[in-house]
Amino acid sequence: ELRGEDPSALSLEDQGEYALGIATCQYLAGDKLGSLRTVEGVIGQLETHGILNSIYLSLIVGLGAIRTGLGDYDLAVVIGEKGVRVARKVGDERRLRLVAGNLALSHCRLGNVDSQLEWADRAAAVPASYTGIFEQQQIQFSRARAFAVQGRESDALAALGVGRSIGARPIPDHLQQAWHLR
């Protein structure tokens, strides 16, 4: 039903929000390339008009996640670094933490252990009230992986301990397994 809508009648900011919704649906339905096209199209328009707001930031965060999902880790890093700059400009600590966590993941997959740890540490430094429990746990597990690769066993175990201690509920086995496989 959304595809029948004509977003051109909307303001450019509203078109960005509309595109964000469409791109999210495409991504969750497995159409990562369609999601990529949707996001890139509206980001270009917003940039052309100098629009820098929370919708633009959401689109940049999404673009980084899409590129990571497609395995384009080098490009995901470039987009993530842009996302950090935008998040700082608009004062969005929650998404700054999300972008830093995604940068840690991209660097992990590229084998850049020092950068992975740097970004995971930055994500962990953002106040926990800005994120959910599972995000906090995932950041600690990313730190633990980086420490383990560096041979820093005690630091890795400490980060795992912090990750496991966050929140009132234990981490679901399927999430814990997925994080260890990344």
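The sections below set out a description of the structure shown in this document.

About the criteria used
- Residues numbered from 1 in each chain as written.
- Predicted model: local features only at pLDDT ≥ 70, side-chain atom pairs only at ≥ 80, totals over all residues.
- Heavy atoms only, no water.
- Axes fitted to C-alpha atoms, helices over the stretch in contact; angles between N-to-C directions.
- Helix = DSSP H or I, 4+ residues; strand = E, 2+ residues; numbered from the N terminus.
- Parallel < 35°, antiparallel > 145°, perpendicular 65-115°, else oblique.
- Left-handed = near helix turned anticlockwise from the far one by under 90°.
- Contact = heavy atoms within 4.5 Å.
- Nonpolar A, V, L, I, M, F, W, Y, C, P; charged D, E, K, R; others polar.
- Expected span 1.5 Å × (residues − 1).
- Buried < 20%, exposed > 50% of the residue type's maximum accessible area, 1.4 Å probe, protein only.
- Arc of directions from axis to C-beta.
- Phe/Tyr/Trp six-rings, centres within 6.5 Å; stacked < 30°, edge-to-face > 60°.
- Lys NZ or Arg CZ within 6 Å of the ring centre and 35° of its normal.

### Things to note about the packing of helix 5 (residues 93-110) against helix 6 (residues 113-125)
A packed helix pair is summarised by two numbers, namely the angle formed by the two axes and the spacing between the axes.
Logical step 1: At their nearest, the axes of helix 5 and helix 6 sit 8 Å apart, and the two run at 160° to each other. Taken as axis vectors, helix 5 and helix 6 run roughly antiparallel relative to one another. Once helix 5 is placed against helix 6, the crossing between them reads as left-handed. Here Arg97, Ala100, Gly101, Leu103, Ala104, His107 and Cys108 of helix 5 come into contact with helix 6, specifically with Ser115, Gln116, Trp119, Ala120, Arg122, Ala123 and Ala124.
Logical step 2: Partitioned by chemical class, the residues of the contact of helix 5 with helix 6 number eight nonpolar, four polar and two charged.

### Section: helix 8 (residues 153-165)
Logical step 1: The end-to-end C-alpha distance of helix 8, which contains 13 residues, comes to 18 Å, matching closely the 18 Å that a straight helix rising 1.5 Å per residue would cover.
Logical step 2: Those residues of helix 8 that sit buried are Ala156, Ala159, Leu160 and Gly163. Buried residues of helix 8, seen end-on, are gathered within an arc of 100° and therefore sit on one face of the element. In helix 8, those exposed residues whose orientation departs by more than 90 degrees from the buried face are Ser154, Leu157 and Ser165.

### Quick notes on the packing of aromatic side chains
Logical step 1: Within the structure shown, the criterion is met by zero aromatic pairs.
Logical step 2: Geometry around tryptophan 119 places arginine 122 over its ring, the cationic atom sitting 4.2 Å from the centre.

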